[in-house]
Amino acid sequence: EADIYQTPRYLVIGTGKKITLECSQTMGHDKMYWYQQDPGMELHLIHYSYGVNSTEKGDLSSESTVSRIRTEHFPLTLESARPSHTSQYLCASSAPGTGGARYGYTFGSGTRLTVV
Amino acid sequence: AQSVAQPEDQVNVAEGNPLTVKCTYSVSGNPYLFWYVQYPNRGLQFLLKYITGDNLVKGSYGFEAEFNKSQTSFHLKKPSALVSDSALYFCAVRVPRDDKIIFGKGTRLHILP
């Protein structure tokens with residue numbers, strides 16, 4: 001079944017550790033996105049990619065980095081985690097072209113990160 | 001600049017009563033409009049969308065939304081609220097030539113038993 005997967009669902013990690021949040025989709029979507037969502041509410045776009053070897057920073061500045069070596073995979077990395085990185089991270093994907101705009105985004109279940 | 005506004009941070013409704021979650025938008029061109037729902041510790045789930053055609057669109061879980069071009073609104077509605085409808089609701093807009101969706105700040109819907 002086509003879907004978008006995020007792992008881990010929950011992660012508690014110590015300050016200074018390097019972490020990678022995984023996001024994979026099986027829908028063949030070329031566009032992928034990372035959002036940061038603090039408790040409560042608003043979504044903030046931190047990274048996006050329109051295809052392999054294409055990555056861009058989003059509207060909210062983030063110390064994280066991303067890579068897009070394969071269409072289906074869009075991992076997010078924090079080189080040195082800090083308590084200020086504690087948040088929920090949501091990955092999403094979108095079908096290609098203007099036709100894809102009709103279908104919105106498909107979201108993963110999210111990773112809730114706690115840095116202690 | 002394109003934007004989406006959800007004027008209410010929280011909406012409280014008694015179970016069985018009709019509910020409305022408000023959304024207004026500002027875009028250049030004809031928008032694609034979406035509603036998403038988020039349950040605790042989950043990602044966003046698609047509820048419904050307006051692309052073209054009938055201004056009243058029906059979606060999942062008995063929700064519907066009405067596109068009003070003159071008022072640039074896309075309010076989410078349900079005739080009879082359930083406690084299980086309690087969640088966070090996001091309105092979103094996309095312009096066909098753009099690749100990004102713009103989300104509102106979200107409205108927390110609390111259905112009182």
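The structure contained in this document is the topic of the report that follows. (Residues numbered from 1 in each chain as written. Chains lettered and ligands numbered in written order. Predicted model: local features only at pLDDT ≥ 70, side-chain atom pairs only at ≥ 80, totals over all residues. Heavy atoms only, no water.)

Section: the overall build of chain B
Counted only if it meets this: Secondary structure elements are taken from DSSP: a helix is a run of H or I of four residues or more, a strand is a run of E of two residues or more, and numbering for both begins at the N terminus. For the radius of gyration, the atom set is restricted to C-alpha positions; the globular benchmark scales as 2.2 Å times the number of residues to the power 0.38. Any residue under 20% of the maximum accessible area for its type is buried, any over 50% is exposed, and the rest in between are partly exposed; the area is computed with a 1.4 Å probe on protein chains only. Counted charges follow a simple rule, with Lys and Arg positive, Asp and Glu negative, and His plus the chain ends left uncounted. To locate a charge, take NZ of a lysine, CZ of an arginine, CG of an aspartate or CD of a glutamate.
Helix and strand content of chain B: zero helices and 12 strands. Reading chain B from its N terminus to its C terminus gives the helix and strand order β-β-β-β-β-β-β-β-β-β-β-β. Taking 113 residues into account, the globule formula puts the C-alpha radius of gyration at 13 Å, and chain B, at 13 Å, falls close to it. Overall, the C-alpha framework of chain B stretches about 45 × 30 × 20 Å when taken along its three principal axes. Sorting the 113 residues of chain B into buried and exposed places 44% on the buried side. Within chain B, the 9 negative side-chain charges are centred at a point lying 5 Å from the centre of the 12 positive side-chain charges.

Notes on the overall build of chain A
Applicable threshold: In these tables, accessible area is a Shrake-Rupley quantity obtained with a 1.4 Å probe, and a residue counts as shielded only by the protein chains included in the view.
When you go through chain A residue by residue, the secondary structure sums to one helix and 11 strands. Mapped from its N terminus to its C terminus, chain A presents α and β elements in the order β-β-β-β-β-β-β-β-β-α-β-β. Against the globule reference of 13 Å for 116 residues, chain A gives a C-alpha radius of gyration of 14 Å, in line with a compact fold. The C-alpha extent of chain A, read off along each of the three principal axes, is 45 × 30 × 30 Å. With 116 residues in all, chain A has 47% of them scored as buried. Just so you have it, chain A exposes about 5,300 Å², and 51% of that area is on carbon and sulfur atoms.

What about the packing of aromatic side chains?
Residues and elements named next belong to chain A. Put simply, the rule reads: Two rings belonging to Phe, Tyr or Trp (six-membered ring only in the last case) form a pair when the distance between their centres is within 6.5 Å. Interplanar angles under 30 degrees mark stacking, angles over 60 mark edge-to-face geometry, and anything in between is tilted.
What the rule picks out here adds up to 15 aromatic pairs over all chains. On the basis of an interplanar angle of 50° and a centroid distance of 6.5 Å, the ring pair of Tyr35 and Tyr105 is categorised as tilted. Within this pair, whereas Tyr35 is found in strand β4 (residues 31-37), its partner Tyr105 is found in the loop between α1 (97-100) and β10 (106-107), the two being separated by 70 residues in sequence. Exposure remark for Tyr35: the relative accessible area of 3% places this residue in the buried category.

A short note on the sheet that holds strand β1 (residues 4-7) of chain A
All names here are of chain A. Defined as follows: The criterion for strand pairing is that DSSP finds at least two bridges linking the strands in question.
Taken together, the four strands give an open sheet; going across it, the order is β1-β3-β8-β7, and neighbouring strands pair in antiparallel fashion. The open sheet terminates on both sides in strands that have one partner only, identified here as β1 and β7 (65-66). Relative to strand β8 (residues 76-78), strand β3 (residues 19-25) runs antiparallel, the two sharing three bridges. For Leu21, the partnering residue across the bridge sits in β8 and is Leu76.

Re the interface of chain B and chain A
Going by this rule: In this description, contact between two residues means that some pair of their heavy atoms is separated by no more than 4.5 Å. Two parts lose some accessible area (1.4 Å probe) when they are put together, and adding that loss for both gives the buried area. The working definition used for a salt bridge is a side-chain nitrogen of Lys or Arg within 4 Å of a carboxyl oxygen of Asp or Glu. Pairs of N or O atoms within 3.5 Å make up the polar contacts considered here, provided that, within protein, one atom can donate a hydrogen while the other can accept it, and that residues adjacent in sequence are counted only when both atoms are side-chain atoms. Throughout this entry, Asp, Glu, Lys and Arg are counted as charged residues, while Ala, Val, Leu, Ile, Met, Phe, Trp, Tyr, Cys and Pro are counted as nonpolar. The remaining residues, Gly among them, count as polar.
With 23 residues of chain B at the contact, the number on the chain A side is 28 residues. For the pair chain B and chain A, the two sides together bury roughly 2,100 Å², of which 51% comes from carbon and sulfur. Sorting the residues of chain B by area buried against chain A places Asn41, Asp99 and Lys100 of chain B first, and these three jointly supply 25% of that buried surface. Put simply, chain B and chain A have zero salt bridges between them. Applying the counting rule to chain B against chain A returns six residue pairs in polar contact (both at pLDDT 80 or more). Elements with a contribution of two residues or more to the side of chain B that touches chain A: β5 (32-38), β6 (44-50), β10 (87-94) and β12 (107-112) of chain B. When its residues are assigned to classes, the side of chain B that touches chain A shows 10 nonpolar, five polar and eight charged.

Structural notes on the environment of Glu56 of chain A
Structurally, Glu56 of chain A can be placed in strand β6 (residues 54-57). Spatially, the C-alpha atom of Glu56 of chain A lies 8.8 Å from that of Val66 of chain A, the residues being 10 residues apart in sequence.

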